[in-house]
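Residues per chain, in single letters:
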Amino acid sequence: MAELTVSATTVRGKRQTEFGYDVIEAPLPAVVAVSDAINEPRYPSLKGIMGAKKKQQDVVSFADLGVEPSHAGEAGSRTTVIALSEPPPRGDSIKVEDDGNAAEKLVEFLAENKLV
């Protein structure tokens, strides 16, 4: 999306195509993916960074927000984790230190594995 506008009941997006722009509208709630073209980043000033360091951070509880504890966190989650596992180990790897003949070692490795 190159432009995004949200109203009370709809979201309207302008996306770039090879022929120009398409305007798309959807009712809320909606899921929208945007590209980096939609955002012009703002960089913080030194004054803003220093001010943020001194700013007090408020801590709020579920009660302050009007949320029951049974509806938040793991207890309130609508998803279930079935299993966790370590990622599979990577295959054998070779680290080539460049002592002047790294290119030669790389070509030799590629030739041994019939990749060139």
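What you see is a predicted model; the values in this text were computed from it and never measured.

Explain the overall build of the protein to me, using residue names and the numbers behind them.
When helices and strands are tallied, the protein shows 4 helices and 3 strands. When its helices and strands are written in sequence order, the protein yields β-β-β-α-α-α-α. The C-alpha radius of gyration of the protein comes to 26 Å, more than 25% above the 13 Å expected for a compact globule of 116 residues. Within the protein, residue pairs in contact and separated by at least 24 positions form 17% of the contacts whose partners lie at least 6 positions apart. Accessible surface, the protein: about 11,400 Å² in total, of which carbon and sulfur atoms supply 54%. Once the 13 positive and 18 negative side-chain charges of the protein are each reduced to a mean point, those two points are 9 Å apart.

Before we move on, could you go through the confidence of the model for the protein and cite the residues and values that matter?
On average, residues of the protein score 87 in pLDDT, and 99% of them are at 70 or above. Mean pLDDT across the elements of the protein bottoms out in helix α3 (residues 73–76) (84) and peaks in helix α1 (residues 46–54) (93).

Definitions and cut-offs
Residues numbered from 1 in each chain as written. Predicted model: local features only at pLDDT ≥ 70, side-chain atom pairs only at ≥ 80, totals over all residues. Heavy atoms only, no water. Helix = DSSP H or I, 4+ residues; strand = E, 2+ residues; numbered from the N terminus. Rg over C-alpha atoms; globule rule 2.2 N^0.38 Å. Contact = heavy atoms within 4.5 Å. Areas by Shrake-Rupley, 256 points an atom, 1.4 Å probe, with all protein chains shown as cover. Lys, Arg positive; Asp, Glu negative; His and termini not counted. Charge placed at Lys NZ, Arg CZ, Asp CG, Glu CD. pLDDT = per-residue confidence, 0-100.

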